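Residues per chain are reported as follows:
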Amino acid sequence: MSRLCIHSVTTKPWSTEVCIQQFSRAGAGGITLWRYNLEGRDPADVGRQARDAGLDIVSLCRGGFFPAASGNDRQKAIDDNRLCIEQAHALGAPLIVLVCGAVPGQYLVESRKQIADGIAAVLPDAEAAGVRLAIEPLHPMYADDRSAVNTMRQAHEICDALGSPAHLGIAADVYHVWWDPELQSQIQRAGDTKRLFAFHICDWKTPTTDFLNDRGLMGEGCIPIREISDWVDATGFTGHREVEIFSTQYWAMDQSEWLARITEAYKGVYGSADTP
Ligand code: ZN
């Protein structure tokens with residue numbers, strides 16, 4: 001399963017070291033690490049451990065959260081994103097996923113401007129470090145406090161405005177964009193502009209009991225994952241399919257059993273079509 005990547009947060013109860021060991025043993029090709037995985041550790045050492053276990057480090061989650069009510073807080077966000085770029089560089093992660101942020105009560109248009117300004121401020125650092133940045137549009141239910149960027153189209157608009165095609169692109173997460181009537185054409189556009197940097201998978205459960213921590217395993221919800229995945233591959237994308245599942249329910253399970261269910265569900269979606 002060389003294209004299977006698992007986000008460490010998917011098995012959140014496990015330590016960084018156990019995630020690396022177990023994902024490798026389960027046959028995954030890659031891992032996306034979260035910044036909490038680096039706490040109290042040397043990022044270069046974590047990177048070495050993952051590569052020694054045969055895993056590609058696909059990305060570091062996450063940067064972003066640029067909008068804020070005061071200039072001082074916006075500068076703090078820029079400083080934190082610079083730190084994130086340094087960590088990704090030391091880790092050997094080629095990509096940072098940006099959850100762009102929003103401020104409750106602040107107009108979304110203003111938040112989007114602050115997001116573009118924040119990304120513009122850190123792009124030279126990303127370029128110098130050889131680390132790419134991917135804007136991840138979030139489902140509009142998060143427009144109040146997590147992201148003012150809610151569609152692929154809006155992500156493209158920021159990319160268009162800022163340029164730097166080699167270092168700024170988009171992370172498409174099926175959980176956030178599956179409902180978008182423009183999805184297929186916007187994925188195609190991301191392929192045409194070489195902006196499709198990452199692809200995240202999970203499923204949408206009905207009913208969803210928690211808007212953050214009740215994401216589903218592939219196949220147990222209503223997202224046409226394979227169809228969207230085929231649109232992604234049709235652009236020439238050959239990167240990883242990243243399983244990213246926040247779930248209080250699954251975090252409460254035995255994590256080895258949970259990981260076995262993930263690999264089974266991945267095979268259920270892709271069968272033998274793991275390689276392009
Ligand atoms: Zn995601």
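Below: a short report on this structure. Please read all numbers here as calculations on a predicted model, not as lab measurements. (Residues numbered from 1 in each chain as written. Predicted model: local features only at pLDDT ≥ 70, side-chain atom pairs only at ≥ 80, totals over all residues. Heavy atoms only, no water.)

Some points on the environment of Ser 229
Turning to step 1, where the next piece is worked out: The residue Ser 229 is located in helix H8 (residues 225-234) in this model.
Turning to step 2, where the next piece is worked out: Taking relative accessible area as the criterion, Ser 229 reaches 0% and is therefore assigned buried.
Turning to step 3, where the next piece is worked out: Other than its neighbours up to four places away in sequence, Ser 229 contacts Phe 199, Arg 241 and Tyr 270. (Helix = DSSP H or I, 4+ residues; strand = E, 2+ residues; numbered from the N terminus. Buried < 20%, exposed > 50% of the residue type's maximum accessible area, 1.4 Å probe, protein only. Contact = heavy atoms within 4.5 Å.)

Some remarks on helix H2 (residues 43-52)
Turning to step 1, where the next piece is worked out: When H2 is considered as a whole, its buried residues turn out to be Pro 43, Val 46, Gly 47 and Ala 50. Viewed end-on, H2 has its buried residues packed into an arc of 100°, placing them on one side of the element.
Turning to step 2, where the next piece is worked out: Check the buried side of H2 and you find it contacts helix H1 (16-26), strand E2 (30-34), strand E3 (56-64) and helix H3 (71-91).
Turning to step 3, where the next piece is worked out: Of the residues that open H2, the one with a side-chain oxygen 3.1 Å from the backbone nitrogen of Ala 44 is Asp 42.
Turning to step 4, where the next piece is worked out: Positioned one or two residues after H2, Gly 54 has a phi angle of 85°, which is positive. (Arc of directions from axis to C-beta. Polar contact = N/O pair within 3.5 Å; in protein donor to acceptor, adjacent residues only side chain to side chain.)

Comments concerning the coordination of the zinc ion
Turning to step 1, where the next piece is worked out: On the protein side, the zinc ion has Glu 136 (OE), Asp 173 (OD), His 200 (ND1) and Glu 244 (OE) as donor atoms, found 2.0 to 2.2 Å from it.
Turning to step 2, where the next piece is worked out: We note that the donor set of the zinc ion lies within a single chain, spaced as E-x36-D-x26-H-x43-E. Taken together, the residues His 200 in strand E7 (residues 196-201) and Glu 244 in the loop between strand E8 (241-243) and helix H9 (248-251) connect sequence positions 44 residues apart. (Donors = N, O, S within 2.8 Å, 3.2 Å for Na, K, Ca; no water.)

Looking at the nonpolar core
Turning to step 1, where the next piece is worked out: In terms of nonpolar packing, the biggest core is built from 75 residues, with Ile 119, Leu 133, Ile 135 and Met 218 touching the most fellow members.
Turning to step 2, where the next piece is worked out: Top contributing element to this core by residue count: helix H10 (residues 255-270), with seven residues.
Turning to step 3, where the next piece is worked out: Sequence-distant contacts of Leu 133, defined by excluding residues within four places in its chain, comprise Ile 85, Leu 95, Ile 96, Leu 98, Ile 119, Val 122, Leu 123, Ala 126, His 167, Leu 168, Gly 169 and Phe 197.
Turning to step 4, where the next piece is worked out: With six residues, the next largest nonpolar core counts Trp 34, Val 97, Phe 246 and Trp 251 among its residues. (Core = buried A, V, L, I, M, F, W, Y, C linked by side-chain atoms within 4.5 Å.)

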